[in-house]
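Results of the structural survey
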Amino acid sequence: MRVMAAAAPVSLRRRRWALLSVVTLLAMVTAAAAQDYNDGGGGGDDEEGEKKKPQYKAQESCNGAFLTYTFEERTKEYPHLKNATAQPYAFKATATVLNTMAEDLKAWQMFVGFQHKEILVSVGGAVLLDGSDLPANVSGGVTFAGYPMADLLNSIDTAGEMSLIESKIEITGTQFGVKAPGKPMPKTIKLTNPAGFRCPAPTRKDSVMYVCCVKDRKFKAKKANSTRYVARQKGDLTFAYDVLQTNANSYLAQVTIDNWSPISRLDNWNLTWEWKRGEFIFNMKGAYTLLKEGPACIYSPAAGYYKDLDFTPVYNCEKRPVIVDLPPEREKDKDVGNVPFCCKNGTLLPPTMDPSKSRAMFQMQVFKMPPDLNRTALYPPQSWKISGKLNPQYTCGQPIRVSPQVFPDASGLLSTTPAVASWQVACNITRPKRRASKCCVSFSAFYNDSVVPCNTCACGCGGDTTATCDPDAHAMLLPPEALLIPFDNRTAKARAWAKIKHWRVPNPMPCGDGCGLSINWHVINNYKSGWAVRMTIFNWQEYTFKDWFAAVTMGEHYSGFENVYSFNGTKMEGRFHDTIFMQGVPGLTYLEPVTDGKTPSDPRLPGKQQSVLSFSRKDAPNINIGKGEGFPKRIYFDGEECALPDRIPKVSSARRRAGTASLGQLAMAAALVMIVGSLRL
């Protein structure tokens, strides 16, 4: 009995331990199940759930695009200076664009208003909208465009996947000033999409700035696009990048250039862009690269991947190739030509002159690199730039995905074939910066015997030339005949004219205008019923301008325009409604280059053409010629805006007292006779 009594407590303890083990095991299983449930998106106040909460309260209520800019760090750069405002610092910052709408944010663009002389050295997750090369001076602010993710999807269609609805921009660069502990923050941040977004002033907290941009209800959008693509943009010049065929490791692309501006053109155009993903051009038709570096490509990263590919026929492996047009004689060449609208030697005329010559086209076979080795991994090149001989300066945006371009079927049947994918690049003309023009204008008038020449360094001054002249001095007034000789031969005439007029001669003398083409606008007369002007174009270059044209914006007195006598002249409409368009008549469509004088000691003679323009007072009765209202607001040559003088001729005191012809008038008349005589020869 004692043995049984002793065994009972042992058995009871064993049952208790067993029960306790079962309870513990059940608790562990329950806890594990609860943890699995929470990790799958369930909730509560666990640490993972806290991480998914928005960092800013304003983000929770934002129904639009939520933008942030975070200054991260900076370090002092060499040279180390005592002047704090001139001290350079290397800085790092991060900007984000988050789509918080119920619809996709297409082709997002974010402006950051830098204000501390920032120079961007590297940018990740975006590109500069204007296509500037890095390092880029962005002290006045810069607009970023998404790359490679140009569109941000909405949270509803992606189950809130942050990598699809948010873009992060990693910024590294240099900035100046802002002594520690100050934070070099931008003035503002905002969304600049053309689709009508409204952004209030951003909120700043220490080194962070954020703002919620919402759609503007007052913005009148165009007819809704039935596709998921952005509508095609308007521009002075556009590029179409169409993928016609695609394979796993290569694709066939067609590039189309369209000139839409009625007053711009391109001659001997050079096109450049930047490959961002290691692509290279295998072959081309309709154009070619200036550097055909097939053998040199064997040292490129592409050759390391395509080990069995013969790189001898490869066109170009440069990250920034330079592409030019073919000459007309290669238009029907089956190997390099035979592409519609190709082979015009790089000439793109305005559609107002010849629509068939306002478009260029070429095709190229592009090879891709890992990880883009599938048919649908297609990315256009970025940072497009185009330039010409004496042509406008263009600022181009980044490529925007548009609906696939539709082409007529190659078989000639009525069916059509869409491109695999299409992108568009829109470019607009920008006014030349000071001292960066390619042509200039001089002013003169019957009521003053001096000519106001082109501005000093109107087209730039080289470092070597400024050692013997003053680049900041005003150009000296000249006698009329001085316009007929090169600037280097005008010094003696300028000094003699200043002596006659009792003007001070600066020492050193002003530098020249540095322009290869100049235009003189001379007011000939002013009578009761109207007034007239003589316009002369001087070509100082070793270059012939074929099919040249000029355009003159007269402003409010344009309505009085009557006729152009030696050029073909027409009134323009639309946004150039106050502009006169002129081109050479048949037989005079070439502006000849500069030629040598009769003897080696004689100055060189410019190629030149001129015409008289007449204006009536009937529609412009209040014009005051004596106050300088007979001079244009802008003058263009071959699309390039020429630099105007910084002053206009004034009515001389002698002219006020008498109406007789002055010495300047006689000299100008003599110049006219010389020019007309040379044209006849």
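By the naming in an unreviewed UniProt entry, the protein is COBRA C-terminal domain-containing protein, taken from Digitaria exilis. In its Subcellular location (unreviewed entry) section, UniProt records this for the protein: "Cell membrane". Entered under Sequence similarities (unreviewed entry) in the UniProt record, the comment concerning the protein runs "Belongs to the COBRA family."

When you line up the elements, Trp275 lands in the loop between strand S15 (270-274) and strand S16 (280-285). Judged by relative accessible area, which is 2%, Trp275 ranks as buried. Here the alpha-carbon distance between Trp275 and Cys317, two residues 42 residues apart in the chain, equals 9.6 Å. In contact with Trp275, other than residues within four places in its own chain, are Tyr241, Tyr251, Ile281, Glu318, Lys319, Pro321, Met364, Val366 and Pro381.

This paragraph deals with the sheet that holds strand S17 (residues 287-289). Spatial strand order, S17-S18-S15-S20: 4 strands in an open sheet with antiparallel pairing. Of all the strands in the sheet, the pair left with one neighbour each is S17 and strand S20 (382-387). This sheet shows a mean twist of 25° between the axes of neighbouring strands, independent of strand direction. Strand direction decides the pairing type here: S17 and strand S18 (residues 322-325), joined by 3 bridges, are antiparallel. Residue pairing across strands places Tyr288 opposite Val324, the latter belonging to S18.

The next subject is the state of the cysteines. Counted under the stated rule, the structure contains 10 disulfides. The disulfide that involves Cys62 links it to Cys212, with 2.0 Å between the sulfurs. Between Cys62 and Cys212, the disulfide has an S-S torsion of 85° and is therefore right-handed. Of the two residues, Cys62 sits in the loop between helix H3 (57-60) and strand S1 (65-76) while Cys212 sits in strand S12 (residues 208-215), which places them 150 residues apart along the sequence. Exposure class is identical for Cys62 and Cys212. Each is buried.

Moving on to the packing of aromatic side chains. How two aromatic rings sit relative to each other is given by the distance of their centres and the angle of their planes. All told, the structure shown has 28 aromatic pairs when counted by the stated rule. Measuring from centroid to centroid gives 6.5 Å for Tyr241 and Tyr251, while their planes differ by 80°, and the two rings are edge-to-face. A residue pair is termed long-range when its members are at least 10 positions apart, and Tyr241 in strand S13 (residues 237-246) and Tyr251 in strand S14 (residues 250-259) qualify at 10 residues. Connected via pairs of aromatic rings, a cluster forms that spans Phe239, Tyr241, Tyr251, Trp273, Trp275, Trp384 and Trp423. A cation sits over an aromatic face here: Arg74 above Tyr89, 4.1 Å from the ring centre.

Cut-offs applied
Residues numbered from 1 in each chain as written. Predicted model: local features only at pLDDT ≥ 70, side-chain atom pairs only at ≥ 80, totals over all residues. Heavy atoms only, no water. UniProt positions renumbered as here; feature names shortened; annotations may be inferred. Helix = DSSP H or I, 4+ residues; strand = E, 2+ residues; numbered from the N terminus. Buried < 20%, exposed > 50% of the residue type's maximum accessible area, 1.4 Å probe, protein only. Contact = heavy atoms within 4.5 Å. Pairing = 2+ DSSP bridges. Axes fitted to C-alpha atoms, helices over the stretch in contact; angles between N-to-C directions. Disulfide = S-S within 2.5 Å. Phe/Tyr/Trp six-rings, centres within 6.5 Å; stacked < 30°, edge-to-face > 60°. Lys NZ or Arg CZ within 6 Å of the ring centre and 35° of its normal.

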